[in-house]
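# Examining the three-dimensional arrangement
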Amino acid sequence: MMFQAGQSLLNLQHRQPEEIVSFFKFVQSITDSKSLQKKILSSTGETAALLFFEPSTRTRVSFQSACARLGLHPIVVSGRQGTSGEKGETDEDTIKNIASLEPSVLIVRAQDELDFKALSQEVSMPIINAGWGKRGHPTQALLDVYTLWKKRGNLQGLRLLFIGDIAHSRIVSSHLEFLKSLKIEVGFCAPDAFCPPLSEGGTRFTKLDEALPWADAVMALRVQFERHNQSLQTSPQDFHLHYGLTTERLRQLKKDALIMHPGPINYGIEMAQAVVQDPRSCVLEQVNNGLWVRVALLHQILGRGAI
Ligand code: CP
């Protein structure tokens, strides 16, 4: 099993390809079988605490939905407004206090400064990293690669191109933790300020027109202007002109390539609105797969047994 009962999910490091693919098969077995869904999606009276100290739509609601379907009542704290965070309580203290209410699992989105590792040793239930500053977003990386696996079967040698604000992407951080073990080739196309360090490897492109024909799948990323300082040289218009996906540019992409985006999309910056309508786009499929990846993850982490 990829996730042991009671184990936290903080990153995707040191995962074996066999366990990743076996987890994907587990997700697919749930997605494809209504009778299996009936068997595992039962009500137990347990709770799950969802503590989102940074904004979220997809991840929060997807986890909420997964919890509800598994019979885990979701207890949600979204943002600091109306919480004791407004009175100076640290996120760490909030998490520990909520942990004292004995949820079966803590699902946390927080800033880089939170020490997930230390926290996971101080609380008695597993913690799931639901987005951690720039440092990681393992369930998003899992659902992205699950989407590729479901659509392509074999992942070995598949070329995944990231465009956009790669350096500030927690999603890319998590992808880089396990793509190598799956032998997925990675490419990056972005202005220098958005590129990851050269030590991360990968094929580097400066021009999108050269990068697109290379790719089997392209993952556009939101430009996180809020994480850049004032010295950023690139404007949204400039970025779109040089690195934005447009219907014209999609002509350079293979006919069977996949167009992906983890969301939220800023239309007119990393992609034009029409791009999502392209038959190669699987943006909403990613969201649906995210639900089932999280159902499967919670099922395993809560030790609900083999199915
Ligand atoms: N992909 C993702 O993490 O989206 P949200 O920020 O809306 O959760």
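A few points on the structure. Predicted, not measured: the structure shown is a model, and the values here were computed from it. (Residues numbered from 1 in each chain as written. Predicted model: local features only at pLDDT ≥ 70, side-chain atom pairs only at ≥ 80, totals over all residues. Heavy atoms only, no water.)

### Overview of the site of the ligand
Near the ligand you find Ser56, Thr57, Arg58, Thr59, Arg109, His137, Gln140, Pro262 and Gly263, and these make up its full shell. At a separation of 2.6 Å, an oxygen atom of the ligand approaches a polar side-chain atom of serine 56. At 2.9 Å, a side-chain N or O of histidine 137 approaches an oxygen atom of the ligand. Protein chains shield 93% of the accessible area of the ligand, which is 250 Å² for the free molecule. Within the shell around the ligand, the residues separate by chemical class into one nonpolar, six polar and two charged. (Near = heavy atom within 4 Å. Polar contact = N/O pair within 3.5 Å; in protein donor to acceptor, adjacent residues only side chain to side chain. Areas by Shrake-Rupley, 256 points an atom, 1.4 Å probe, with all protein chains shown as cover. Nonpolar A, V, L, I, M, F, W, Y, C, P; charged D, E, K, R; others polar.)

### Considering unusual backbone geometry
A cis geometry characterises the amide bond from glycine 263 onward to proline 264, with omega recorded as -5 degrees. Among the secondary structure elements, proline 264 is positioned in the loop between β9 (258-260) and α10 (283-301). Phi angles above zero are rare outside glycine, and histidine 14 is one such case at about 60 degrees. Tracing the backbone shows histidine 14 in the segment before α1 (17-32). (Helix = DSSP H or I, 4+ residues; strand = E, 2+ residues; numbered from the N terminus.)

### What to know about the side chain of glutamine 286
For glutamine 286, the position within the fold is in helix α10. Among all residues touching glutamine 286, those that are not within four sequence positions of it are Gln140, Leu143, Asp144, Thr147, Met219, Met260, His261 and Pro262. (Contact = heavy atoms within 4.5 Å.)

### Re the sheet that holds strand β1 (residues 46-52)
Here we have four strands laid out as an open sheet, ordered β2-β1-β3-β4, and parallel in their pairing. The open sheet has two edge strands, β2 (72-78) and β4 (127-132), and neither has a second partner. Neighbouring strand axes in the sheet, compared pairwise and without regard to direction, differ in orientation by 15 degrees on average. Bridge analysis of β1 against strand β3 (residues 105-110) gives five bridges, and the strand direction is parallel. What sits directly across from alanine 49, in β3, is leucine 106. (Pairing = 2+ DSSP bridges. Axes fitted to C-alpha atoms, helices over the stretch in contact; angles between N-to-C directions.)

Shape descriptors only; they carry no functional weight alone.
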